[in-house]
Amino acid sequence: TGVAPTIEARAAALGAQLRRLGRGSAVVLAPDNSYGKRASEAVAKSLRESGAKILKTLYYPDDMVSFAKFVAPALAELRGDAALIVPDRLARMELLLKQMVRSGLSIERAGGGKGVAVLSTGEGFSADAIGSGHDVLEGVWLAPVAWPTPDAAGFADAYQQLEGQPPGDQAWLVWRAVSAAWSGGIATPPIAAVLRVEGGRLVPAPAQVDLRPRETP
């Protein structure tokens, strides 16, 4: 079954977080590739099932790095309680958000205040990718493929000492695979979690009680 939640499970988690935030509609921006289409379709399914409305789905070229001409149609839809969902790599989503902020987008930060709720699958998550110099990601909600958990503090410390940086999502996946194999394997895929970027780190959503993957006793 693997050691990572599926794209569909992560999309469902983002949809559930959208409901908790009281947002009834969303604009979806995704890369024009197989991943982007699968992820956006999963998001659409999740929102339909919850009664939320997708105002617009826009695909950008997979190699796009300059979004100046792309963001206008999306910004025009982001009114009222509309949220923005971007299933993509964290680094490219950051480029997109920077352009949208330059064009007038205000992102909802932790602690409330006006702004658009931004959610993403956050592929390629690492501590460095959301730390110093990445302020535009402050307040963004992520449903990553893997994330830090309290039960793995020892692994995180050892990795930091050996590599000189905290583990990213791929390192976390390797640790989970080894941990699962050592304990006899897992019966079900891990539960998808939604976390928020706050102060350069990932913070669990208030409704998340236990973010550890399910394991057989």
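Note that the coordinates shown come from a computational prediction; the quantities given were computed from them, not determined experimentally.

Student: What is the right way to read the confidence of the model for the protein chain from this model?
Tutor: Within the protein chain, residue pLDDT values average 87, and 91% of them lie at 70 or more. Every residue in residues 208–217 scores below 50 in pLDDT, and together they form 23 contacts with partners more than four places removed in sequence or on other chains.

Student: Sorry, what's going on with the nonpolar core here?
Tutor: Generally speaking, soluble globular proteins have nonpolar side chains that are buried together. Counting 34 residues, the largest nonpolar core has Leu29, Leu84, Leu96, Leu97 and Met100 as its most contacted members. With 5 residues, the single largest contributor to this core is helix α4 (residues 90–102). Aside from chain neighbours lying at most four places away, what touches Leu29 is Leu58, Tyr60, Phe70, Ala74, Leu84, Ile85, Val86, Pro87, Leu96 and Met100.

Student: How do you make sense of α4 when you look at a structure like this?
Tutor: Side chains of residues three or four places apart in an α-helix project in the same direction, reflecting 3.6 residues per turn. Between its terminal C-alpha atoms α4 stretches 18 Å, which fits the 18 Å expected from 13 residues at 1.5 Å a residue. Directly after α4, the chain includes Gly104, whose backbone phi takes a positive value near 120 degrees.

Student: Would you explain the pattern of salt bridges in this entry?
Tutor: Per the counting criterion, the structure on display carries 9 salt bridges. For Asp88, the salt bridge goes to Arg92, with nearest N and O atoms at 2.7 Å. Each of the two residues, Asp88 as well as Arg92, counts as buried. Notably, a salt bridge pairs Arg196 with Glu108, separated by 3.7 Å at the nearest N-O pair. In this pair, Arg196 sits in strand β6 (residues 195–198) while Glu108 sits in the loop between α4 and β4 (118–120), placing the two residues 88 residues apart along the sequence. Accessibility assignment for this pair places Arg196 and Glu108 in one class, buried. Here the residues in one salt-bridge network are Arg23, Glu108 and Arg196, joined through shared partners.

Student: What's the story with the packing of aromatic side chains in this structure? I'm lost.
Tutor: Any pair of aromatic rings gets described here by the distance separating the centres and the angle formed by the planes. In total, this model carries 7 aromatic pairs according to the counting rule given. Aromatic pair Phe155 and Trp172: ring centres 5.2 Å apart, planes at 70 degrees, arrangement edge-to-face. With Phe155 in helix α6 (residues 153–163) and Trp172 in helix α7 (residues 169–182), this residue pair connects regions lying 17 residues apart in the sequence. Seen from their ring centres, Trp172 and Trp175 are 6.2 Å apart, and the 85 degrees between their planes marks the pair as edge-to-face. Residue Trp172 and its partner Trp175 are both found in helix α7; the two are separated by 3 residues, about one turn of the helix. Here the aromatic cluster, defined as three or more aromatic residues joined through ring pairs, consists of Phe155, Tyr159, Trp172 and Trp175. Over the face of the ring belonging to Trp147 we find Arg176, whose NZ or CZ atom lies 4.2 Å from the ring centre.

Student: Would you take a moment to explain the environment of Leu75 for this structure?
Tutor: Among the structural elements, Leu75 can be located in helix α3 (residues 71–77). In this structure the C-alpha to C-alpha distance between Leu75 and Ser103, which are 28 residues apart in sequence, comes to 8.3 Å.

Student: How should I be thinking about the sheet that holds strand β5 (residues 141–142) in this particular structure?
Tutor: As a general point, the strands of a sheet are linked pairwise by backbone hydrogen bonds and lie either parallel or antiparallel. With mixed pairing, 7 strands are arranged side by side in an open sheet as β2-β1-β3-β4-β5-β6-β7. The open sheet has two edge strands with one neighbour each: β2 (53–60) and β7 (201–204). Judged from the 7 bridges that link them, strand β1 (residues 25–31) and β2 form a sheet pairing that is parallel. Bridging from a neighbouring strand, Ser25 pairs with Lys53 of β2. Docked against the sheet, helix α2 (residues 34–50) engages β1, β2 and β3 (82–86), running at close to 165 degrees with respect to β1.

Student: Sorry, what's going on with α2 here?
Tutor: With 17 residues, α2 should reach 24 Å at 1.5 Å per residue; the first-to-last C-alpha distance of 25 Å fits that figure. Taken residue by residue, α2 has Gly36, Ala39, Ser40, Ala42, Val43, Ala44, Ser46 and Leu47 as its buried positions. Residues of α2 that are buried make contact with α1 (7–20), β1, β2 and β3. Looking one or two residues past α2, Gly51 carries a phi angle of roughly 85 degrees, positive in sign.

Student: Help me understand the side chain of Arg196 in this model?
Tutor: Residue classification places Arg196 among the buried positions, given a relative accessible area of 7%. Apart from residues no more than four positions distant in its own chain, Arg196 is found in contact with Glu108, Arg109, Ala110, Gly111, Gly139, Val140, Trp141, Arg201, Leu202 and Val203.

Thresholds applied
Residues numbered from 1 in each chain as written. Predicted model: local features only at pLDDT ≥ 70, side-chain atom pairs only at ≥ 80, totals over all residues. Heavy atoms only, no water. pLDDT = per-residue confidence, 0-100. Contact = heavy atoms within 4.5 Å. Core = buried A, V, L, I, M, F, W, Y, C linked by side-chain atoms within 4.5 Å. Buried < 20%, exposed > 50% of the residue type's maximum accessible area, 1.4 Å probe, protein only. Helix = DSSP H or I, 4+ residues; strand = E, 2+ residues; numbered from the N terminus. Expected span 1.5 Å × (residues − 1). Salt bridge = Lys/Arg side-chain N within 4 Å of Asp/Glu carboxyl O. Phe/Tyr/Trp six-rings, centres within 6.5 Å; stacked < 30°, edge-to-face > 60°. Lys NZ or Arg CZ within 6 Å of the ring centre and 35° of its normal. Pairing = 2+ DSSP bridges. Axes fitted to C-alpha atoms, helices over the stretch in contact; angles between N-to-C directions.

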